[in-house]
Number of protein chains: 2
Amino acid sequence: MPSVNASRKGQEKPREIVDAAEDYAKERYGISSMIQSQEKPDRVLVRVKDLTVEKADDVVWVRARVHTSRAKGKQCFLVLRQQQFNVQALVAVGDHASKQMVKFAANINKESIIDVEGIVRKVNQKIGSCTQQDVELHVQKIYVISLAEPRLPLQLDDAVRPEVEGEEEGRATVNQDTRLDNRVIDLRTSTSQAVFRLQSGICHLFRETLTNKGFVEIQTPKIISDSGDLVPSYDDLWYKGTTKYSSAFKFSFTQDLKYCIIFLWLTVFRAEDSNTHRHLTEFVGLDIEMAFNYHYHEVVEEIADTLVQIFKGLQERFQTEIQTVNKQFPCEPFKFLEPTLRLEYCEALAMLREAGVEMGDEEDLSTPNEKLLGRLVKEKYDTDFYVLDKYPLAVRPFYTMPDPRNPKHSNSYDMFMRGEEILSGAQRIHDPQLLTERALHHGIDLEKIKAYIDSFRFGAPPHAGGGIGLERVTMLFLGLHNVRQTSMFPRDPKRLTP
Amino acid sequence: MPSVNASRKGQEKPREIVDAAEDYAKERYGISSMIQSQEKPDRVLVRVKDLTVEKADDVVWVRARVHTSRAKGKQCFLVLRQQQFNVQALVAVGDHASKQMVKFAANINKESIIDVEGIVRKVNQKIGSCTQQDVELHVQKIYVISLAEPRLPLQLDDAVRPEVEGEEEGRATVNQDTRLDNRVIDLRTSTSQAVFRLQSGICHLFRETLTNKGFVEIQTPKIISDSGDLVPSYDDLWYKGTTKYSSAFKFSFTQDLKYCIIFLWLTVFRAEDSNTHRHLTEFVGLDIEMAFNYHYHEVVEEIADTLVQIFKGLQERFQTEIQTVNKQFPCEPFKFLEPTLRLEYCEALAMLREAGVEMGDEEDLSTPNEKLLGRLVKEKYDTDFYVLDKYPLAVRPFYTMPDPRNPKHSNSYDMFMRGEEILSGAQRIHDPQLLTERALHHGIDLEKIKAYIDSFRFGAPPHAGGGIGLERVTMLFLGLHNVRQTSMFPRDPKRLTP
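Procedures and definitions
Residues numbered from 1 in each chain as written. Chains lettered and ligands numbered in written order. Predicted model: local features only at pLDDT ≥ 70, side-chain atom pairs only at ≥ 80, totals over all residues. Heavy atoms only, no water. UniProt positions renumbered as here; feature names shortened; annotations may be inferred. Helix = DSSP H or I, 4+ residues; strand = E, 2+ residues; numbered from the N terminus. Buried < 20%, exposed > 50% of the residue type's maximum accessible area, 1.4 Å probe, protein only. Areas by Shrake-Rupley, 256 points an atom, 1.4 Å probe, with all protein chains shown as cover. Pairing = 2+ DSSP bridges. Axes fitted to C-alpha atoms, helices over the stretch in contact; angles between N-to-C directions. Parallel < 35°, antiparallel > 145°, perpendicular 65-115°, else oblique. Left-handed = near helix turned anticlockwise from the far one by under 90°. Contact = heavy atoms within 4.5 Å. Nonpolar A, V, L, I, M, F, W, Y, C, P; charged D, E, K, R; others polar. Salt bridge = Lys/Arg side-chain N within 4 Å of Asp/Glu carboxyl O. pLDDT = per-residue confidence, 0-100. Phe/Tyr/Trp six-rings, centres within 6.5 Å; stacked < 30°, edge-to-face > 60°. Lys NZ or Arg CZ within 6 Å of the ring centre and 35° of its normal. Arc of directions from axis to C-beta. Disulfide = S-S within 2.5 Å.

As recorded in an unreviewed UniProt entry, chain A goes by the name Aspartate--tRNA ligase, cytoplasmic, listed as coming from Microtus ochrogaster. The UniProt entry for chain A carries this comment under Catalytic activity (unreviewed entry): "tRNA(Asp) + L-aspartate + ATP = L-aspartyl-tRNA(Asp) + AMP + diphosphate".

Put into structure tokens, the structure is as follows:
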């Protein structure tokens, strides 16, 4: 690697590294020229998490970010970070390092990426502030690969501080807008790393469970005709109303995968002006649609079991991540029953009324009532997860199958985690005539949904399904309070960047 | 199950089933009332693929579609289909079936879904036209669950007929627009079932391979600010230009997953008026972005190996599907080398020039030249898959890293299957200053890409990546000729439905 003390044109060099005239270590540090794939050096970079006592006395190369640096006389202590791991490094005046080199190291801006060559040394006293507690790195060479600007828009240590410490001890924390405006940096914190690793685990467990159950993964279009007009020349695409019928559309798309069932993975765009802690204009939907034999509860049981398998998998495989997030956002472990509790809407109404809530039989649950119900269910059944079945027909979309026993009820359900809805689903009407009747009842223009209704004219099995909101599951499993924490780059009516 | 001879209001009953007065079998057939989850009968439905000689003489219930029916005196032969499996069923006048019942069975419209109770009987002569060749079903009860309309917009047997038979023998085939207009039915053919099962396999193998390599799956937003203006109230969302910088954006989004690398899964919308066999306005991108140590070839090797693992996995696990598709669309098996062949652009130019093509050094490959090159490479190296490296800088996006050895070249590459591009990728510029220079050179408004450039100001590792077009990989692996065959509901400038 060509490493040069001269900085690249325009890249600002840390100050005070000028008088290098009589510097015996001058080849051992500096700012590297930009890596442009000039060459393929025969150099192995060791990962920070692999720096353990087994490597004691080895000379290794490591690439990492400067997490903190602290100069102290003739020494400089750095904490080097790589993802969720970090290690202490020491640059000390001696055979390898000159006074100028120590100064250089001490002046590297935090978050810069550096290559260091060093000897792994076992330490006598555990280094409590690092994940690699038993070793430190005695630096022999140090080169800046990518220099960070000197002023960070937020400090990583502030960004992982529990709010209560901020409030009670007056220490700095970072507010949500600052985080989101600087998400590229906020994503580097141990909390963010844990959140998104766990989220990736949810995706994996979802697919693993459904594949084992015999589902087939499919891809459906996000661009759906709404107005019936073709979009003029596709110059501007638009998506208004894609959510309206999309869940129902999916099955019509794929009905011959019946029996074997299907699962979907899609991005849902909402054209709603919802500014709440749990609404985004774009979210990831984990969707399940399934033909059943005689009763939609066959589907409810499959979906609920899929969620239970996800919860179990997370608790088994992601304890480290859960604990990392809990350090900043303390929370009770997530509780669930097997089999999953299924309550009917009228039972829920009775519980709420007993608690003093006044609600009509055909009224939908407000957010506060959802949360209250969650607390009542937790008290009575000791579970954070349950299914609420048989919603009033009046509050569900036109394609929802009415309940044959009670015309004011429907074969539809929501699922809740810690008192918040994470899935909405139903038996979908598979009969073109009933579907037409219900669409007319809802005042829907039949022309706009012609393709949808027609798709049931050539034999369609009874089917049901639902869509799981990925970001909400992550949020509620971890006991977080805003869905923006679990969306990598959240989009809401007020946020379109970064 | 309540099964009634009286048809549901408005649902047309097969004709000539009127004089049921003295019908001793009248309880044994009919049109069921719509399945609305009225009850949970204790009935096991056996899958068609499980109807084998082991079940001989068992009485079973089966739900399937009527694929064909053929009446013959006092008998009616049905072929019952379930996904890619089918079985012969016989309704014959006797103890269980009356004359009227046979007539009823013979008049059920094709594609209707029915429940039958029958005895599994071993047959003496194999039934060549069915997947279940050793048994047939002797029907005792037959009920229509969902009645198809009498006139199908296309015949499934025509839809799987090889074009050559259509041309040489004058037999009916189905043209692409008819297929796509009636995709819900077209997806029921054995060819479509095989195509989309294999495609689901590609997705699975892609993730399996990358998870084993230590990648983390992430979700990035599809809604990206282009003009810098916030979209007015999100009432109509628009996405113009999302593809322009999206591949580069992805990395900036997630740079602290460096070393461990990332993979993405996204829907890409193109705002292009491309009416070709290989362009869609919406496709599924399997994207890989990865920080590397010193040379972007580290990334090229990872991506190429991922594709090789997919090819191997498909050939190992999906032979049935490949052969099913080959029956209709014959094609040579897909060939590839290990390690993958990597050619430089100037070598390709030399090969093309030797074959008589006139091309400038900085000219991009036209589609015909891409295909010709594919044939030349196949002849010379015997591979259907290769990497073309070091594209002219002039034909690549602004964020492409220039080649340090030659200012007219770039650190960028495409990957090809059977002479067609399936991936485009590059080392991305990670230095904000060089990125600014290159954007200005391309006449790009810096204001619009401010968030992108700024994301590199706080330390960014060198990185490279690329996006794989899922539908193209499926098409070219199977040797198909139009990407609309491998998109479940394709979207192009002229098609927005179904």
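Don't stop here, the text continues.
## Observations regarding the overall build of chain A
Within chain A one finds 14 helices and 17 strands. Taking all 498 residues of chain A together, 59% fall into the buried category. Carbon together with sulfur atoms contributes 47% to the accessible area of chain A, which is approximately 20000 Å² in total.

## Focus on the pairing of strand β7 (residues 135-146) of chain B
Residues and elements named next belong to chain B. The buried count for β7 comes to 10 of 12 residues, which makes it a mostly enclosed element. Both strand β2 (residues 29-32) and β7 contribute to a ladder of three bridges, which runs parallel. Bridge assignment links tyrosine 29 to a residue of β7, and that residue is isoleucine 142. Of the pairings in the sheet, the one linking strand β5 (residues 85-92) to β7 comprises three bridges and is parallel in character. The residue of β7 that forms the bridge with alanine 89 is leucine 137. Strand direction decides the pairing type here: strand β6 (residues 113-122) and β7, joined by 10 bridges, are antiparallel. The partner of aspartate 115 across the bridge, within β7, is tyrosine 143.

## With respect to the packing of helix α6 (residues 190-212) of chain B against helix α8 (residues 297-317) of chain B
All names here are of chain B. α8 packs onto α6 with a crossing angle of 135° between their chain directions and a minimal axis gap of 9 Å. Considering the angle they form, α6 stands oblique to α8. Between α6 and α8 the crossing geometry is right-handed. For the pair formed by α6 and α8, the contact residues are Leu198, Gly201, Ile202, His204, Leu205, Phe206, Glu208, Thr209 and Leu210 on the first element and Thr306, Gln309, Ile310, Gly313, Leu314 and Arg317 on the second. Per-class residue counts for the contact of α6 with α8 are seven nonpolar, six polar and two charged.

## Let's talk about the pattern of salt bridges
Applying the stated criterion to the full structure yields 64 salt bridges over all chains. A salt bridge links Glu289(B) to Arg428(B); its shortest N-O distance comes to 2.5 Å. Taken as a pair, Glu289(B) in strand β10 (residues 282-291) and Arg428(B) in strand β16 (residues 420-428) lie far apart in primary sequence, 139 residues in all. Relative accessible area serves as the criterion here: at 0%, Glu289(B) is assigned to the buried category. The buried category is assigned to Arg428(B), whose relative accessible area is 3%. Among the salt bridges present, the one from Arg353(B) reaches Asp361(B), with a minimum N-O distance of 2.9 Å. Accessibility expressed as a relative area gives 37% for Arg353(B), which makes it partly exposed. Among the charged side chains, a salt-bridge network with shared partners connects Arg65(A), Arg81(A), Glu111(A) and Arg188(A).

## Quick word on unusual backbone geometry
All names here are of chain A. Following glutamate 338, the chain continues into proline 339 via a peptide bond in cis, with omega recorded as -5°. The topology assignment puts proline 339 in the loop between α9 (319-328) and β11 (341-344). We note that aspartate 57 has phi near 75°; this positive angle belongs to a residue other than glycine. Examined against the element boundaries, aspartate 57 turns out to sit in the loop between β2 (29-32) and β3 (59-72). We classify aspartate 57 as exposed; its relative accessible area is 52%. Although it is not a glycine, aspartate 382 sits at a positive phi angle of roughly 60°. Considering the arrangement of structural elements, one finds aspartate 382 in the loop between α11 (367-381) and β12 (385-389).

## Description of the confidence of the model for chain A
Residues and elements named next belong to chain A. Scored by pLDDT, chain A has a mean of 85; 84% of the residues are at 70 or more. Across residues 1-13 the pLDDT falls below 50, and counting only partners more than four positions away or on other chains, this stretch makes 34 contacts in the model. In the model, residues 226-249 has pLDDT below 50 throughout and makes 54 contacts with residues more than four positions away in sequence or in other chains. The ipTM for the predicted assembly is 0.88, set against a pTM of 0.89.

## Focus on the packing of aromatic side chains
Counting across every chain of the model gives 28 aromatic pairs over all chains. Here the aromatic rings of Phe398(A) and Tyr399(A) are separated by 5.3 Å at their centres, their planes lie at 75°, and the arrangement is edge-to-face. By relative accessible area, which is 2% here, Phe398(A) ends up buried. With a centroid separation of 6.2 Å and an interplanar angle of 15°, the aromatic rings of Phe311(B) and Phe477(B) are classed as stacked. Here Phe311(B), found in helix α8, pairs with Phe477(B), found in helix α14 (residues 470-477); they are 166 residues apart in sequence, far enough to count as distant. Comparing Phe311(B) with Phe477(B) shows no difference in burial state: the two are buried. Above the ring of Tyr294(B), the side-chain terminus of Arg63(A) is found at 4.9 Å from the ring centroid.

## Description of helix α10 (residues 345-354) of chain A
Residues and elements named next belong to chain A. All of the buried residues in α10 are Tyr345, Ala348, Leu349, Met351 and Leu352. Taken around the axis of α10, the buried residues stretch over an arc of 160°, which confines them to a single face. Those residues of α10 that are buried lie in contact with β11, α11 and β12. Where α10 terminates, the next one or two residues include glycine 356, which has phi positive at roughly 100°.

## Some points on the state of the cysteines
Residues and elements named next belong to chain A. Within this structure, the stated rule accounts for zero disulfides over all chains. Of the cysteine sulfurs around cysteine 76, a residue in no disulfide, the closest is that of cysteine 130, at 13 Å. Taking relative accessible area as the criterion, cysteine 76 reaches 0% and is therefore assigned buried.

## As for the packing of helix α10 (residues 345-354) of chain B against helix α11 (residues 367-381) of chain B
Residues and elements named next belong to chain B. Put simply, α10 and α11 touch, their axes get as near as 10 Å, and they point 95° apart. In terms of axis orientation, α10 runs roughly perpendicular to α11. Where α10 approaches α11, its residues Ala348, Met351 and Leu352 are matched on the opposing element by Asn369, Leu372, Leu373, Leu376, Val377 and Lys380. Each residue belonging to the contact of α10 with α11 can be placed in one class, and the counts come to seven nonpolar, one polar and one charged.

## Brief notes about α9(A)
Residues and elements named next belong to chain A. Listing the buried residues of α9 in full gives Glu321, Ile322, Thr324, Val325 and Gln328. In a view along the axis of α9, the buried residues occupy a sector of 160°, so they form one face of it. Seen from the buried face of α9, the exposed residues on the opposite side, beyond 90 degrees, are Thr320 and Lys327.

## Quick word on the environment of Gly73(B)
Residues and elements named next belong to chain B. Checked against the element boundaries, glycine 73 lands in the loop between β3 (59-72) and β4 (75-82). What makes glycine 73 exposed here is its relative accessible area of 76%. Sequence separation between glycine 73 and glutamate 169 is 96 residues; the distance between their C-alpha atoms is 31 Å.

## Some points on the pairing of strand β12 (residues 385-389) of chain B
Residue and element names in this part refer to chain B. Most of β12 is tucked away: five of the five residues are buried. Here β12 shows a buried face lined by Phe385, Val387 and Asp389 and a second buried face lined by Tyr386 and Leu388. As paired strands, strand β11 (residues 341-344) and β12 are joined by four bridges and run parallel to one another. From the neighbouring strand, arginine 342 faces β12, where its bridge partner is valine 387. Judged from the five bridges that link them, β12 and strand β15 (residues 412-417) form a sheet pairing that is antiparallel. Following the sheet pairing, aspartate 389 is matched in β15 by tyrosine 413.

## Describing the environment of Gly459(B)
Residue and element names in this part refer to chain B. With respect to the secondary-structure elements, glycine 459 resides in the loop between α13 (450-454) and β17 (463-469). The exposure class assigned to glycine 459 is buried, which follows from its relative accessible area of 0%. Remark: the alpha-carbon pair of glycine 459 and histidine 430, spanning 29 residues in sequence, is separated by 8.9 Å.

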